[in-house]
Every structure is written in structure tokens, then in C-alpha cells.
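Chain by chain, the residues:
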Amino acid sequence: MPLTDLVTPARAARSRGTALGAFNVVLLEHAEVFTRAAERAGLPIVLQISQNAVAYHGGRLAPIAAGALAVARSAEVPVVVHLDHAESVDLVAEAVELGMSSVMYDGSALPYEDNVATTAQVVGMCHARGVSVEAELGEVGGKDGAHAPGVRTDPQEAARFVEATGVDLLAVAVGSSHAMTERRALLDNGLISRLAAAVPVPLVLHGSSGVDDAGLVAAVRAGMTKINVSTHINVVATTVVREVLGDNPAMVDPRRYLGPALAAAGEEVERLLGLYASA
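Criteria and cut-off values
Residues numbered from 1 in each chain as written. Predicted model: local features only at pLDDT ≥ 70, side-chain atom pairs only at ≥ 80, totals over all residues. Heavy atoms only, no water. Helix = DSSP H or I, 4+ residues; strand = E, 2+ residues; numbered from the N terminus. Buried < 20%, exposed > 50% of the residue type's maximum accessible area, 1.4 Å probe, protein only. Contact = heavy atoms within 4.5 Å. Pairing = 2+ DSSP bridges. Right-handed = clockwise from strand over helix to strand, strands pointing away.

J.: I'd like a description of the environment of leucine 28, backed by residues and values.
T.: Residue position: leucine 28 is located in helix H2 (residues 28-41). On the accessibility criterion, leucine 28 (38% relative accessible area) is partly exposed. Between the C-alpha atoms of leucine 28 and alanine 66, which are 38 residues apart in sequence, the distance is 9.4 Å. Setting aside residues up to four positions removed in sequence, leucine 28 forms contacts with Ile64, Gly67, Ala68 and Val71.

Okay, structure coming up:
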């Protein structure tokens with residue numbers, strides 16, 4: 001299957017009332033393991049490289065993007081390679097030049113009018129190259145910005161934002177929060193339904209690691225289409241690393257402790273993909 005943009009599988013999932021799984025890639029092994037999980041599930045997947053991951057790689061997007069793109073192009077299922085939470089227009093432009101098939105421009109910390117103007121600029125640049133654009137709308141609410149627990153996106157403002165910018169997907173604030181290591185967040189499913197009715201493009205749930213299975217299924221049924229997960233997968237993998245090294249204190253070969261950890265992460269990705277597809 002070829003590398004694909006994001007809007008094609010997202011629209012298909014929205015029409016079926018199901019959702020796509022999107023998982024953060026920090027290491028090349030993440031791209032490999034997650035894609036194999038998608039192949040086992042027979043489902044599309046979104047591989048996300050965040051602006052924070054780029055910073056981890058010394059500010060260089062090209063190496064990790066090249067690895068993820070190579071994995072995607074040899075996959076047996078549709079794979080999106082997506083730039084996540086980019087606050088820099090220059091970084092978005094670099095992603096497009098490198099061949100990434102989707103970007104998220106995050107202008108949620110900007111005043112509304114500035115967010116609209118810059119997002120529309122990004123959309124014009126990306127659509128000219130066949131690249132999908134996700135954007136974000138919500139008030140600033142502390143460390144998590146639009147995804148602080150008490151922040152909410154207004155449906156009518158969201159509809160105006162989509163019309164004014166031409167974005168393909170919209171990330172909205174409905175009660176989730178980034179970097180939660182426990183799955184205890186409660187989503188506002190009534191608001192999700194109102195947003196889905198008001199906004200003509202697929203909706204994106206960030207901070208999904210803090211939502212349990214039942215909450216995720218309910219969110220998909222209410223109208224969420226793209227489900228972003230990072231911390232939860234890291235918890236699964238790190239738990240295995242601790243167990244393996246605890247049982248083998250002399251172990252030093254990273255393949256012997258990262259291998260089992262990444263295998264466990266892949267199994268959880270496969271399970272979540274199936275959960276979203278059958279919601």
C-alpha cells in the first residue's frame with residue numbers, strides 16, 4: 001500500500017462511524033512496530049512525529065521522518081506519516097518538503113484571529129502539495145493548552161474556524177489532557193456530538209492516553225474520528241523494560257530489553273486499532 005494522506009482514511013472512518021489510531025513515533029523502532037501491528041490488524045494507521053520528538057532528535061526532522069516514510073512506503077496497509085503539534089510554520093514547510101503526507105499546525109495558543117490567519121496560510125501551502133492539514137481550536141489552559149481538563153471547544157466557533165481555514169481535520173477540547181499515565185479522564189460526549197454535528201470535517205481527540213476503553217468507544221460513537229495515543233503506549237513499554245532489567249540486572253544489550261518492550265507496545269497498538277475500528 002502506498003503512503004497516504006490523512007484526509008482519505010479519516011473521511012472513510014467518519015462515514016462508517018469508526019476511528020483511526022494515531023501513535024507517536026520517537027524512535028525508528030516505533031514506526032516499525034506500530035506498522036507491523038496495523039498490518040496484523042489489517043487497518044490503516046497514523047504514525048505521528050511531534051515537534052517535541054524533533055527537539056529530542058536535536059531539532060532535526062529529516063532522519064526520523066526518512067525512517068518513518070521508508071517504513072510507510074513498504075507497508076501492506078495505508079500508513080499516514082504525520083507531523084504532530086507543530087507550532088512552527090517553518091517546521092511544517094520542512095515536513096512537506098521531506099514528503100510527509102499530513103501535518104498538524106497547532107495555533108491554539110494564538111489569539112483566535114491569528115490562529116485563523118496562520119492556519120489558512122498553512123492550509124494553502126499544504127494543499128498545493130497534496131498534504132492533509134489538522135488544526136486545533138480551544139482556549140489556552142495552562143501546560144496542556146487547549147487540552148487542559150477544564151477547557152472546551154465551542155461548536156459554533158469550531159464551525160466558523162473550519163470554514164475560514166479550510167482544514168481537513170480539527171482537534172477539539174472535550175475533557176482530555178496530555179501525558180496522563182492513568183486512564184481516568186472523563187470526556188464530554190454530549191459536546192463531542194454537538195461538535196460532530198456542527199463541524200463538517202473529522203474530529204481529533206488528543207490526550208487519549210488518559211481515557212479508558214469504554215470512554216474511547218463512547219467518544220467514537222459520539223463522533224470522534226482520529227484518536228491520538230502516546231503516553232499509554234509508553235507506559236506499556238516502560239513497564240516491560242523495568243521488569244526485564246529488574247530480572248536481569250547484568251543485561252546491557254538494548255535489543256534484549258527494548259525488544260520485549262516494543263513487542264508489548266505493538267500488541268497494545270493492534271488491540272486499540274481493533275477497538276476503534278469496531279466501536
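J.: Now, about the pairing of strand S5 (residues 132-137): what can you tell me, with residues and values included?
T.: When you tally the buried positions in S5, you get six out of six residues, the bulk of the element. Side chains Ser132, Glu134 and Glu136 project from S5 onto one buried face, and the interleaved Val133, Ala135 and Leu137 project onto a second face that is buried too. Note that strand S4 (residues 102-105) and S5 share four bridges and pair parallel. Looking across to S5, one finds that methionine 104 is bridged to glutamate 134. Crossover connection from S4 via helix H6 (residues 112-127) to parallel S5: handedness right-handed. Sheet analysis places S5 next to strand S6 (residues 169-172), joined by four bridges and oriented parallel. Bridge pairing in S6 places glutamate 136 opposite alanine 171.

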